[in-house]
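# Examining the three-dimensional arrangement
Below are the chains, spelled out letter by letter.
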Amino acid sequence: MSPLFPSLILLFFFFTTLTFPPPSLSQTSTFIIQVQHDSKPSIFPSHKNWYQSSLSSISTTPTTIIHTYDTVFHGFSAQLTPQQAQNLELLPHVITVIPEQIRTLHTTRSPHFLGLKTADRTGLLHETDFGSDLVIGVIDTGIWPERESFNDRELGPVPAKWKGQCLAGRDFPVSSCNRKIIGAKYFSGGYEATSGKMNETTEYRSVRDSDGHGTHTASIAAGRYVSPASTLGFAKGVAAGMAPKARLAVYKVCWSGGCFDSDILAAFDAAVADGVDVVSLSVGGVVVPYHLDVIAIGAFGASDAGVFVSASAGNGGPGGLTVTNVAPWVATVGAGTIDRDFPADVKLGNGKVIPGVSIYGGPGLTPGRMYPIVYAGSTEHGGEGGDGYSSSLCLEGSLDPKSVRGKIVVCDRGINSRADKGEVVKKSGGIGMILANGVFDGEGLVADCHILPATSVGAIGGDVIRSYIASADKSVGSVPTATIVFKGTRLGVRPAPVVASFSARGPNPESPEILKPDVIAPGLNILAAWPDKVGPSGIASDHRRTEFNILSGTSMACPHVSGLAALLKAAHPDWSPAAIKSALMTTAYTVDNKGDPMLDESNGNVSSVFDYGAGHVHPEKALDPGLVYDISVYDYVDFLCNSNYTTKNIQIITRKTADCRNAKKAGHSGNLNYPSLSAVFQQYGKHKMSTHFIRTVTNVGDPKSVYKVTINPPEGMVVTVKPDTLHFRRIGQKLNFLVRVQTREVKLSPGSSLVKSGSVVWFDGKHTVTSPLVVTMQQPLD
């Protein structure tokens, strides 16, 4: 999904680079203020009074506090001018002042595809009672509570540990909660401080979902079994979430203007205080240093409290360096395909057939009839004052009704949403639409619930169609024609999984020594619950109603991992968030259902570790991983020290006082006990280079076990592991090993890099524990 506010995101990137805009600017923005923990003078009855006093001391202009935070963060948020923000940061009890970012949403068969079968008498679902005592906190756009996916039949009482509440609001009485939806809160203070008062004719001042994204992600994580389920007749079957009996706590932070940092932090604060076990966050923005990243700070506080945090990797793929939510204490989830698609092919007048996909469920085109076809990018088809570029994208007002009426219109992908293009074509009198990928999108196809007969085709197919139109237009008396043939739902698709074209890719822009994304999970064409008052296309003119909708995005992949984490936590209550993530990563796979290396949807080539991280999640294997790589809070502190964060910056992120001298003596940032290994070599004329990784594994498998190592070195490199055998005597025992990587200089042009990957695998005859190893050789510009 492209950013809702690209200009604002660039503006906030500027803010975070300079910390504050020039003091001459007098407009206010929202800032998040961290203060010293437990330093409140006794004269103030509450922290909020003290914070208000701090604001009064730096300005005579009344300033209202938006939120206060006291669980994952200690401080408050407020609207300030840049000068006020600078003055506030000078107060002795203020640690830092962080400018707010606006984040965007990263927006059934997947349980079956993942091997989660209800008929099995053993396995992850049955061993955990389907996650019944676990609570998943979903930070998103809210929920539509009446959906069958959220019924509480046969669920036991609300877990005794739960401290949260159901906050009533517009069209959301307290009775909207039940034994399934056990918590509901909304946070709009940051949104309204920046965007003005909410328009309550189009949005609910409550947890009720007016967008659909939150309802969809919540049901992927923890939806109950619902049958029959389908979207407009497509994907018929049983709908189910990953942890069907897990409880849901819903925290609404995303509104029509976006998802605001101050509200997101308030949701993290509330979720951890309420007692959630897992936080699912399908939201992201630009990557900034962790001490300026409110999601990273909130997620650290959650992880410190034992809460697993799963976040979407972003939809900026297939380009590199696009991955977001990259902090090592977050499970960063990319998207893959499942073995189901919705073919809708284009048949051209010259007999050629171009494969496409669609979820159009309305009146189709007349079978056997060919329709005239036009490419909207030809300037003669543009609207009044239009240009070829605008009309090629089918932007609002760009099409000439006289040129497109009664025809199938080819629109290029980009700028406006895919569904919006169909609305533009329909309003202009077009009878159908072909949505063609650009070169950047490659061959990745997303099926949409279009409001007119329409299909999506890849970049190569788009070129074929445009060439056919152009050549036919040049022939005297020849009219280019086409039709769209809708073929319904196809199961058993091979190959699958494939890395989705849109899924954001590494390397990690902030910490190249930490491989991101961590894993991929199903994220393309996923069926899940949908609100009653939102059309499946998501556009206002769509008055169709459906209980389920099919969406794509890393937004859909993230809650798959959130639900799986809840199941693993139920099976292993003593596991830390890092141990759960390790189990998911070391048991992930990198081959498809044909037994071949997993492919990249955008170009059909073999995918890489920067596309999928450790691989595609394998829930049943994650239940019994054999060994885990655990990480303590102080390991993260050492990692930040070795990543050259200052003591103050580390305090902002972790609320811990760091002594970086010992950490730097002990090693480098790549020595964080992470389940993947990433080395970056700057060549600088060196002929030989080497580095090492120290890792500690904890035995969670069989008491007496012997693991032997298999090394798959990156091509042309020497990798050694010492010791090469690990002897465990008991469960819970920890053993260390060292991985050394040696390589020689390669010829590279200045500023370029070369990436090679391999793996380190431990095996005891039963458990296979795999860590990807990626080595990046960089040639500096000078």
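Here goes a summary of the coordinates provided. (Residues numbered from 1 in each chain as written. Predicted model: local features only at pLDDT ≥ 70, side-chain atom pairs only at ≥ 80, totals over all residues. Heavy atoms only, no water.)

## Considering the sheet that holds strand S15 (residues 308-312)
As a reminder of what qualifies: At least two bridges found by DSSP between two strands are what make those strands a pair. Each helix is a run of H or I in the DSSP string that is no shorter than four residues. Each strand is a run of E no shorter than two, and both are numbered from the N terminus. Between N-to-C directions, angles cover 0 to 180 degrees, with each direction set by a line fitted to C-alpha atoms, over the stretch in contact for helices.
With respect to topology, 7 strands assemble into an open sheet ordered S7-S10-S6-S13-S15-S16-S27, the strand pairing being parallel. The open sheet has two edge strands with one neighbour each: strand S7 (181-186) and strand S27 (519-522). The mean angle between the axes of side-by-side strands here comes to 25 degrees, regardless of whether they run parallel or antiparallel. Taken together, the 4 bridges between strand S13 (residues 278-281) and S15 define a ladder with parallel strand orientation. Directly across from Val 278, in S15, lies its bridge partner Phe 308.

## Remarks on the layout of surface pockets
How we decide: The pocket and cavity definitions rest on a 1 Å grid over protein atoms only: a 1.4 Å probe that fits but cannot leave marks a cavity, an open set with protein on both sides within 12 Å along at least five of seven lines marks a pocket, and residues lining either have an atom within 4 Å of a point. Grid points are joined across faces, edges and corners, and a volume is the space filled by probe spheres set on the points. Residues are grouped as follows: Ala, Val, Leu, Ile, Met, Phe, Trp, Tyr, Cys and Pro are nonpolar; Asp, Glu, Lys and Arg are charged; every other residue, Gly included, is polar.
If you add up the space inside the second largest pocket, you get close to 590 Å³. As for the second largest pocket, its lining consists of 27 residues, of which Asp 341, Val 357, Leu 445, Arg 490 and Glu 601 are closest to the centre. Breaking the lining of the second largest pocket down by element, the ones donating at least two residues are strand S17 (340-341), strand S20 (356-357) and helix H13 (459-474). Within the lining of the second largest pocket, the residues separate by chemical class into 12 nonpolar, 7 polar and 8 charged.

## Focus on the sheet that holds strand S23 (residues 432-436)
For clarity, the cut-off: Whether two residues are in contact is decided by their heavy atoms: any pair within 4.5 Å suffices.
In spatial order, the strands read S19-S18-S25-S21-S22-S23-S24-S20; together these 8 strands make up an open sheet with mixed pairing. The two strands at the open ends of the sheet, each matched to only one other strand, are strand S19 (353-354) and S20. Sheet topology places S23 next to strand S24 (residues 454-457); 4 bridges connect them, and they run parallel. Across the sheet, the residue bridging to Met 433 is Ala 454, located in S24. Contacts between helix H12 (residues 418-427) and the sheet are confined to strand S22 (408-412) and S23, with S23 contributing the most and set at about 145 degrees to the helix.

## A few points about empty space enclosed by the protein
One number sums up the size of the second largest cavity: a volume of about 50 Å³. Contributing to the lining of the second largest cavity are Val 307, Phe 308, Val 309, Pro 328, Trp 329, Val 330, Ala 331, Pro 577, Ala 578, Lys 581 and Tyr 636. Of the residues forming the lining of the second largest cavity, the biggest block, 3 residues, is contributed by helix H15 (residues 577-586).

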